[in-house]
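Chain and residue survey
Listed below are the residues making up each chain.
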Amino acid sequence: ATHQLRTPLAGIRWSLDMLIKKNFGEMNPEQVSVLEKGLVNTERMIRIVNDILNLDKIDNDQLKMAITPGDLNVVIEGAVTDLTQQAAIKEVRIEYRKSDATLPSLPMDADKIRMVMDNLIDNAVKYSKDGGVVHISVDASKATSSSNPVVTVSVSDDGIGIPESDKEEMFTKFYRAPNARRQDPNGNGIGLFVVKSIIEGHHGNIWYESKEGKGTSFHFSLPLR
């Protein structure tokens, strides 16, 4: 059933996107605003469907990684582009600061790392204060390490933060912190569990820093070998 949901959702997303881009004629700002909200919710539904599919694979030990050399910048920029509209509705800015160093080609499953970025940016926007800023950065300072070359990605917000008492549970399946449930009652608690599974499937690491009421920074590192 979940597989069958993806095709019509993709069709709805395409239709809304074409209308918003005025490919079929001009619209007034109010009409565009309504369509943009519909597109944002459709894209969120697609991410939920993908999370459920990946959760099923994880539960059945079938989450496979198609690792090939790829460009991490392209993956991140794609996620930023797709989520900018959603952020704009909350008047949240997404700022992506590329690494000063030239990023090496990274062995990764680009589609799954894109899911990681979609989830982390979506959460950062969702739990940001209206008018906030989501910062994304890439640190390649350890890419030339002789023992453990890695590239680290960070997604930071200035939102509600994570209570210290919930720290041990954050990557647990279906778990959501109480303040997150208050902010967004419709979440499912799947995203971070899937994100952690994908990063560990790349032999990488994921962690976060947070202060309740001040914001959260999620970091993950991916090995170059």
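See the structure shown above.
First, a word on what this report is: a plain description of the structure on this page. Bear in mind the structure is a predicted one, so any value in this text is a computation, not a measurement.

Definitions and limits used
- Residues numbered from 1 in each chain as written.
- Predicted model: local features only at pLDDT ≥ 70, side-chain atom pairs only at ≥ 80, totals over all residues.
- Heavy atoms only, no water.
- Helix = DSSP H or I, 4+ residues; strand = E, 2+ residues; numbered from the N terminus.
- Rg over C-alpha atoms; globule rule 2.2 N^0.38 Å.
- Buried < 20%, exposed > 50% of the residue type's maximum accessible area, 1.4 Å probe, protein only.
- Areas by Shrake-Rupley, 256 points an atom, 1.4 Å probe, with all protein chains shown as cover.
- Lys, Arg positive; Asp, Glu negative; His and termini not counted.
- Charge placed at Lys NZ, Arg CZ, Asp CG, Glu CD.
- Pairing = 2+ DSSP bridges.
- Axes fitted to C-alpha atoms, helices over the stretch in contact; angles between N-to-C directions.
- Contact = heavy atoms within 4.5 Å.
- Polar contact = N/O pair within 3.5 Å; in protein donor to acceptor, adjacent residues only side chain to side chain.
- Expected span 1.5 Å × (residues − 1).
- Phe/Tyr/Trp six-rings, centres within 6.5 Å; stacked < 30°, edge-to-face > 60°.

Time to look at the overall build of the chain. Helix and strand counts for the chain stand at 6 helices and 7 strands. Taken from N to C terminus, the helices and strands of the chain fall in the order α-α-β-α-β-β-α-β-β-α-α-β-β. On C-alpha atoms alone, the chain measures out to a radius of gyration of 18 Å, which is about the 17 Å that the 2.2 N^0.38 rule sets for 225 residues. Taken along the three principal axes of its C-alpha coordinates, the chain extends 60 × 40 × 40 Å. Per-residue burial over the chain gives 50% buried out of 225 residues. If you sum the accessible surface of the chain, you get close to 12000 Å²; carbon and sulfur atoms cover 50% of it. Side-chain charges in the chain split into 27 positive and 31 negative, and the spacing between the mean points of these groups amounts to 1 Å.

Overall, mixed pairing links the 5 strands, which are arranged E2-E4-E5-E7-E6 in an open sheet. This sheet does not close on itself; its edge strands, each paired only once, are strand E2 (93-97) and strand E6 (205-211). Going from strand to strand, the sheet's axes swing by 15° on average, the running direction of each strand aside. Two strands pair when backbone bridges link them, and E2 and strand E4 (residues 133-139) are joined in this way by 5 bridges, in the parallel orientation. Bridge assignment links Tyr-96 to a residue of E4, and that residue is Ile-136.

Before going further, it helps to spend a moment on the environment of His-135. Counting through the fold element by element, His-135 comes out in strand E4. In sequence terms His-135 and Trp-207 are 72 residues apart; their C-alpha atoms lie 16 Å from each other. Excluding its chain neighbours within four sequence positions, the residues that come into contact with His-135 are Glu-95, Ser-154, Val-155 and Ser-156. A polar contact is formed between the side chain of His-135 and the side chain of Glu-95, at a distance of 3.5 Å.

The first and last C-alpha atoms of helix H4 (residues 110-126) sit 24 Å apart over 17 residues, in line with the 24 Å expected at 1.5 Å per residue. The element H4 is largely enclosed, with a buried count of 14 among its 17 residues.

Another point: the packing of aromatic side chains. Applying the stated criterion across every chain, the model contains 3 aromatic pairs. Ring centres of Phe-171 and Tyr-208 lie 6.2 Å apart, and the angle between their planes is 55°; on these two criteria the pair is classed as tilted. Taken together, the residues Phe-171 in the loop between strand E5 (150-156) and helix H5 (178-183) and Tyr-208 in strand E6 connect sequence positions 37 residues apart. When its relative accessible area of 16% is taken as the criterion, Phe-171 is described as buried. Ring centres of Tyr-208 and Phe-218 lie 5.3 Å apart, and the angle between their planes is 40°; on these two criteria the pair is classed as tilted. Highlighted residues: Tyr-208 in strand E6 and Phe-218 in strand E7 (residues 215-223), separated in sequence by 10 residues. Three or more aromatic residues link up through ring pairs in this structure, and these residues are Phe-171, Tyr-208 and Phe-218.

Now for the environment of Ile-198. Tracing the sequence through the fold places Ile-198 in helix H6 (residues 191-201). Separated by 48 residues in sequence, Ile-198 and Val-150 have C-alpha atoms that sit 16 Å apart. Among all residues touching Ile-198, those that are not within four sequence positions of it are Leu-63, Met-65, Lys-112, Ile-113, Met-115 and Val-116.

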